[in-house]
Amino acid sequence: MNAPAPNPRSSSPVYARENLPVLAARVEAAFGDRLLGKEEKTQYIQFSVKAADAHDLVRFLKEEPSLGFTWFIDCCGVDYQRYPKPVPERFAVVTTLLSPALGVKAQVRAFVPAADPRLASNVDLFAGANWTEREIFDLYGIAFEGHPDLKRILMPDDYEGHPLRKDYPLRGRGERGAFPVYHAVPVALAPQDGEG
Amino acid sequence: MSFPDKINDVITTQLGFAINWARSNSMWPMPFGTACCGIEMMATFMSKYDASRFGSEVLKFSPRQSDLLIVSGRISLKMMPVLQRIWEQMPEPKWCISMGACASSGGVFDTYTLIQGVDQFIPVDAYMPGCPPRPEAFIEALMTVQAKAREGKASSQAFVSDDVSRDPSLSPLYRSPDAFMDGPRSPEAEEPASTPASLPAGGRP
């Protein structure tokens, strides 16, 4: 199959599905026994690794000249508690990258153990990962080592707990009642019947 | 010009009645539009529904110059201190309208992050049902507040109980984490993931 001719007027990368085997072969050659799994989707390949290997794989995808995954799309957290299929660990952090050169996407799914939810930060590779990792830290309680400013981003600073975890009660833990209450005390505005 | 001619232009009334009448017809709203109800609020102030017919056309974006707080939209956990600060800054007498389902009861957002009705924490004079309410409902609520003002009634913040800010369990709204219908669940208490025996493999009885 011939690759589609790139549109010179468009700066967006051209989707090239025939490059997916290239990506799979390169990653398997470099990370063969460190990969927990590989799943080929319609437009991308998802590589599952342990938390300790995630940063190396992201760095390899970005800095390997023949791959060139220089486009950080997104990074999100997953809580697999009560997930119907077996998974190695409870949490996962999924990083999605795009290679403008190859025209394919790659996902790195790093499984994070619940007992020690820590992971190496990707901010040194992609500055755009800063706020998404803060969001994952805020809502899932997964700490990113090496993050320059790891603090809550959505919830209040004194909030306790991580509300997107599956065992967090959907209706909260009563934190919505922790405000001073302004009571309605009816007051007479102006005396009406000669009271004053 | 003689004195008997001028006597026709004089009305006699009580000072209190005149003040209340003037107040009710010069409500200066403080818009607090945080969601789609704010769009309907804007529509109400535009020319078709024209809230200026009720003396309320002066939208003051400073709470210090307004006497009617319109809470139109969802109020989140982080927004509630802001709303209370604005309510404190408004000079008395003052009134509050809770616009729409979210401001009045939390609406469909019964989650960890959303206040289930602003009337839990600030006094509300008029509630508006709807998601979002029509401008007619807005005008109805505005006329309700006007009627309260004409009768000389307003909400005061003279009595504030802030003990709950130090200890949430003092709040009458506080519920223990164990009291919730849907959690927190422990992995040990999990129900088995297999299909119940009474159902065939397809899942449908």
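Residues numbered from 1 in each chain as written. Chains lettered and ligands numbered in written order. Predicted model: local features only at pLDDT ≥ 70, side-chain atom pairs only at ≥ 80, totals over all residues.

**Q** Looking at this structure, how should I read the overall build of chain B?
**A** In terms of helices and strands, chain B carries seven helices and six strands. In sequence order, chain B lays out its α and β elements as α-α-β-α-β-α-β-α-β-α-β-β-α. Each of the 205 residues in chain B was classed as buried or not, and the buried ones make up 33%. For chain B, restricting intrachain contacts to residue pairs at least 6 apart in sequence, the fraction spanning at least 24 positions comes to 78%. (Helix = DSSP H or I, 4+ residues; strand = E, 2+ residues; numbered from the N terminus. Buried ≥ 20, exposed ≤ 12 C-beta atoms within 10 Å, placed from the backbone. Contact = placed C-beta atoms within 7 Å.)

**Q** Help me understand the sheet that holds strand S2 (residues 68-72) of chain B, please; the structure alone is not making it clear to me.
**A** To summarise the sheet geometry, strands pair through backbone hydrogen bonds and adopt either a parallel or an antiparallel arrangement. Residue and element names in this part refer to chain B. Reading across from one edge, S1-S2-S3-S4 is the order of the four strands in this open sheet, with parallel pairing throughout. Looking at the sheet topology across the chains shown, the edges are occupied by strand S1 (29-33) and strand S4 (126-128). Put simply, the sheet's adjacent strands are angled 15° from each other on average, direction ignored. (Pairing = 2+ DSSP bridges. Axes fitted to C-alpha atoms, helices over the stretch in contact; angles between N-to-C directions.)

**Q** In this structure, what is going on with unusual backbone geometry? I would like to understand it.
**A** Note: most residues except glycine have negative phi, and most peptide bonds are trans. A cis amide bond, omega -10°, links Cys131 of chain B with the succeeding residue Pro132 of chain B. Here Pro132 of chain B lies in the loop between S4 and helix H6 (135-150). Although it is not a glycine, Arg82 of chain A adopts a positive phi angle of roughly 60°. Structurally, Arg82 of chain A is set in the loop between strand S3 (71-79) and strand S4 (91-99). The residue Asp50 of chain B is not glycine, and still its phi comes out positive at about 60°. With respect to the helices and strands, Asp50 of chain B occurs in the loop between helix H3 (37-45) and S2. The class for Asp50 of chain B is partly exposed, based on 14 C-beta atoms found within 10 Å.

**Q** Any chance you could explain the nonpolar core here in plain terms?
**A** In a soluble, globular protein the nonpolar side chains are often hidden away together inside. Residues and elements named next belong to chain B. Of all hydrophobic cores here, the largest spans 41 residues; its most connected members are Leu69, Ile70, Val71, Ile97, Met99, Val118 and Val145. It is H6 that contributes the most residues to this core, five residues altogether. Once residues lying within four places of it in the same chain are set aside, the contact partners of Leu69 are Met30, Phe32, Ile86, Trp87, Met90, Lys94 and Cys96. (Core = buried A, V, L, I, M, F, W, Y, C linked by C-beta atoms within 7 Å.)

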